[in-house]
Amino acid sequence: MLPIINVTGLHYTYLPGTPYEREALKDINFSLQRGELLGVFGPNGSGKSTLVQHLNGLLYPTRGSVTVCAADTSDRQQRRELWKKVSLVFQYPEQQIFGTTVWEEIAYGPKNLGLDDAEINDRVKKAMQQVGLLPEDSAGIPPYSLSGGMKRRVAIAGLLAMDPEILILDEPMAGLDPAGRSLILDIIKHRHDNSQTTVMISHNLQDIMALADKVAILHQGSLVFFGAVSQLLKDKEILSRYHLELPDYLQVIYSLQQQGYMLNSAARSIAEAAKEMARLLGSKL
Ligand SMILES: Nc1ncnc2c1ncn2[C@@H]1O[C@H](COP(=O)(O)OP(=O)(O)OP(=O)(O)O)[C@@H](O)[C@H]1O
Ligand SMILES: [Mg+2]
């Protein structure tokens, strides 16, 4: 099967030929299969946002190639069609809300797709429900009157209503309360369960490990690791070289392993780690 995303020898330079020239991405190579969930991780300024903006054609390579949903983003025409298939939730999406009502805001994308009114209504309602907004309560509210977290839900609903082949979320949980966080995690899990491709930037390695199939780690514009979560967990050198702090439950498992206990370190969540420890204790969950 052809990958849904294929990035080959990607270099990207901001403001080339000016005193502010900055090579933000250097020789990036990876591919992602349809239905996979990719977690992108790396320190501030490592190139995460720059990379994901190449996946919806907002940016295109200075050198190398990026093919997404069979479209070559270096081709202007193909790049312009990508907005229909790839939706990007920006780092602070609440700053990009323009609709006069919540309903108008969410319906904006589907309207541009040229869908009929019944389909638009259906998609807007479903998207509102997915982000935990009741259509009868919230549809007529002006978005500017909502809190930051609620605005973010509206922005995400607007992109879900596009029913994109790929959904990209740039730090979607930053600054949200626990309810907002778990709602977004549920949306991501739901897409994954339905074999829909998702790319998520996160500073929380625990979230990436719990959800993602593949992990990309950026460091100063280079892709220093790309592979399965299980592969990253085994790669002690990468973990220590880039100071990747493992979730607490994994640190406990590793520490027990060092003391000679036979534990499987492939646990992806606290629940899985608890099962593994219960097994060690000889009790059933
Ligand atoms: N519009 C721009 N013009 C010039 N340089 C930029 C621009 N956007 C980003 N950069 C530079 O490119 C590099 C990568 O930035 P990018 O925003 O992709 O990093 P990031 O990993 O998303 O960081 P953060 O975690 O802070 O969001 C940084 O050095 C940044 O200063
Ligand atoms: Mg960023």
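(A) Quick look at the packing of aromatic side chains. Taken as a whole and assessed by the stated rule, the structure comprises 2 aromatic pairs. Pairing Phe 30 with Phe 226 gives two aromatic rings, centres 5.0 Å apart and planes at 25°, and the pair type is stacked. Taken together, the positions of Phe 30 in strand β2 (residues 22–32) and Phe 226 in strand β10 (residues 222–228) put the pair 196 residues apart, joining distant regions of the chain. For Phe 226, a relative accessible area of 23% gives the class partly exposed.

(B) Structural context of the nonpolar core. Core analysis: the largest hydrophobic core is formed by 57 residues, its most contacted members being Ile 106, Val 131, Ile 156, Met 209, Ile 217, Leu 232 and Leu 244. When residues in this core are grouped by element, the largest group, 6 residues, is from helix α6 (residues 148–160). Each of domain 1 (5–239) and domain 2 (246–285) contributes no fewer than three residues to this core. Ile 156 has contacts with Val 89, Val 131, Leu 169, Ile 184 and Ile 187, leaving out every residue within four places of it along the chain. By size, the runner-up hydrophobic cluster in this structure holds 29 residues, among which are Val 7, Phe 30, Ile 168 and Ala 216.

(C) Here's a closer look at the side chain of Arg 153. With respect to the helices and strands, Arg 153 occurs in helix α6. If we skip the residues at most four places from it in the chain, Arg 153 touches Val 131, Gly 132, Ala 179, Gly 180 and Leu 183.

(D) Inspection of the domain arrangement of the protein chain at higher detail. Each domain of the protein chain was delimited in the assignment, giving domain 1 (5–239) and domain 2 (246–285). Taking the mean C-alpha position of each, domain 1 and domain 2 sit 32 Å from one another. On the side of domain 2, 9 residues touch domain 1, which itself brings 9 residues to the contact. Buried area between domain 1 and domain 2, summed over both chains or domains, comes out near 740 Å², and the portion from carbon and sulfur atoms is 61%. Sorting the residues of domain 1 by area buried against domain 2 places Gln 206, Met 209 and Leu 233 first, and these three jointly supply 60% of that buried surface. The tally of links from domain 1 across to domain 2 stands at 1 residue pair in polar contact (both at pLDDT 80 or more). Ranked by the residues each element gives to the side of domain 1 that touches domain 2, the list is headed by helix α8 (residues 205–211), at 4 residues.

(E) Region of the structure containing unusual backbone geometry. The phi dihedral of Leu 15 falls on the positive side, at around 50°, and the residue is not glycine. Along the chain, Leu 15 turns up in the loop between β1 (5–14) and β2. For Glu 171, which is not glycine, the phi dihedral falls at a positive 50°. On the basis of relative accessibility, which here comes to 11%, the residue Glu 171 falls in the buried class.

(F) Region of interest: the pairing of β1. Within β1, 7 of the 10 residues are buried, which leaves the element mostly enclosed by the surrounding structure. As paired elements, β1 and β2 share 7 bridges and run antiparallel to each other. Looking across to β2, one finds that Leu 10 is bridged to Ile 28. In the sheet, β1 pairs with strand β4 (residues 63–68) via 5 bridges, with the strands oriented antiparallel. Following the sheet pairing, Asn 6 is matched in β4 by Thr 67.

(G) Here's a closer look at helix α12 (residues 270–281). Compared with an ideal rise of 1.5 Å per residue, which puts 12 residues at 16 Å, α12 spans 16 Å between its outermost C-alpha atoms and is within 8% of the ideal. Taken residue by residue, α12 has Ala 273, Glu 276 and Ala 278 as its buried positions. Structurally, α12 contributes buried residues whose contacts are with α11 (248–258). After α12 finishes, the residue Gly 282 shows a positive phi value of roughly 80°.

(H) Seen up close, the packing of helix α3 (residues 102–112) against helix α4 (residues 117–130). Across the interface, α3 lies against α4 with an axial gap of 9 Å and an inter-helix angle of 125°. As far as their axial angle goes, α4 and α3 are oblique. As for how α3 packs across α4, the hand of that crossing is right-handed. Here Val 102, Trp 103, Ile 106, Ala 107, Pro 110 and Lys 111 of α3 lie close against α4, whose contacting residues are Ile 120, Asn 121, Val 124, Lys 125, Ala 127 and Met 128. In terms of residue class, the contact of α3 with α4 is made up of 9 nonpolar, 1 polar and 2 charged.

(I) Here's a closer look at the pattern of salt bridges. Within the structure shown, the criterion is met by 10 salt bridges. For Lys 84, the salt bridge goes to Glu 81, with nearest N and O atoms at 3.0 Å. A relative accessible area of 36% places Lys 84 in the partly exposed class. The residue Glu 276 makes a salt bridge to Arg 279 at a minimum N-O spacing of 2.7 Å. Here Glu 276 pairs with Arg 279, and both are found in helix α12, just 3 residues apart, close to one helical turn.

What counts, and where the lines are drawn
- Residues numbered from 1 in each chain as written.
- Chains lettered and ligands numbered in written order.
- Predicted model: local features only at pLDDT ≥ 70, side-chain atom pairs only at ≥ 80, totals over all residues.
- Heavy atoms only, no water.
- Phe/Tyr/Trp six-rings, centres within 6.5 Å; stacked < 30°, edge-to-face > 60°.
- Helix = DSSP H or I, 4+ residues; strand = E, 2+ residues; numbered from the N terminus.
- Buried < 20%, exposed > 50% of the residue type's maximum accessible area, 1.4 Å probe, protein only.
- Core = buried A, V, L, I, M, F, W, Y, C linked by side-chain atoms within 4.5 Å.
- Domains from an automatic or database assignment.
- Contact = heavy atoms within 4.5 Å.
- Buried area = accessible area lost by both parts, 1.4 Å probe.
- Polar contact = N/O pair within 3.5 Å; in protein donor to acceptor, adjacent residues only side chain to side chain.
- Pairing = 2+ DSSP bridges.
- Expected span 1.5 Å × (residues − 1).
- Axes fitted to C-alpha atoms, helices over the stretch in contact; angles between N-to-C directions.
- Parallel < 35°, antiparallel > 145°, perpendicular 65-115°, else oblique.
- Left-handed = near helix turned anticlockwise from the far one by under 90°.
- Nonpolar A, V, L, I, M, F, W, Y, C, P; charged D, E, K, R; others polar.
- Salt bridge = Lys/Arg side-chain N within 4 Å of Asp/Glu carboxyl O.

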